[in-house]
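# Observations on chain architecture
One-letter residues, chain by chain:
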Amino acid sequence: SRATGITPAHELTLYIANIGDWDDATLVAALRTAADILAQCRIRIAHAELLRVAVPPKHRDFDTPRSRELARALALPKPTLYFAAGTRQVPAFDAEAIGRSNSRTRPELRDTVWIARGARDPGLVVAHELAHVLMDSGEHDRTPGNLMAEATSPQHTQLTAGQCARISAAGVRHGLLQPGVD
């Protein structure tokens, strides 16, 4: 962990909807990895609520119309991570982050992350996609070692001071991050 021992500037509460029958140990490990990465921005995952949600087969994959129905029906607090069985989106990505700026036509999906089972390096994917949501930006960074590279990789775990500032500012502005406690 790159945590410095300084009290986190912000705390994050996550809701995790396991709709794709992921293994709990995989989800916990992914959250730990993501927490270690976000710690460099002085963000601490203060609480993560793991929900195993039984859904009809048509809702187990990420598919905008059906996922909108599911998110509306579940009405979970945000940000929410959905661990899905797969994706029906074209083009198909292992994960998709829906922030404020890319949810105008699908407001039910605002501040959510959808990850398809089989995604490589789930912890890195969680950190990367959460950073997109918290920054409310789909931008990628070509700087060597940067978490926000277009493709996740164990070699890409760093965030710049500017990225951390954007995560904090937008996360607070949108009510996704809370002040840290001493």
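Note that the structure is a prediction, hence the values are computed from the model and not measured. (Residues numbered from 1 in each chain as written. Predicted model: local features only at pLDDT ≥ 70, side-chain atom pairs only at ≥ 80, totals over all residues. Heavy atoms only, no water.)

To continue, consider the pairing of strand β2 (residues 43-52). Across nine bridges, the pairing between strand β1 (residues 10-18) and β2 is parallel. Considered in β2, the bridge of His-10 is made with Ile-43. This β-α-β element, β1 to helix α1 (residues 24-38) to β2, shows right-handed connectivity. (Pairing = 2+ DSSP bridges. Helix = DSSP H or I, 4+ residues; strand = E, 2+ residues; numbered from the N terminus. Right-handed = clockwise from strand over helix to strand, strands pointing away.)

Before going further, it helps to spend a moment on the environment of Ala-127. Structurally, Ala-127 can be placed in helix α3 (residues 122-135). Sequence-wise, Ala-127 and Thr-160 are 33 residues apart; in three dimensions their C-alpha atoms are separated by 14 Å. In this view, Ala-127 contacts Ala-34, Ile-37 and Leu-147; residues no more than four positions away in its chain are not counted. (Contact = heavy atoms within 4.5 Å.)

Helix packing for two helices is described by the angle between their axes and how far apart those axes are. Remark: α1 packs on α3, axes separated minimally by 7 Å, with the N-to-C direction vectors making an angle of 50°. Accordingly, the angle class assigned to the pair α1 and α3 is oblique. As α1 runs across α3, the sense of the crossing is right-handed. On α3, the residues touching Thr-26, Ala-30, Leu-31, Thr-33, Ala-34, Ile-37 and Leu-38 of α1 are Pro-122, Gly-123, Leu-124, Val-126, Ala-127 and Leu-130. (Axes fitted to C-alpha atoms, helices over the stretch in contact; angles between N-to-C directions. Parallel < 35°, antiparallel > 145°, perpendicular 65-115°, else oblique. Left-handed = near helix turned anticlockwise from the far one by under 90°.)

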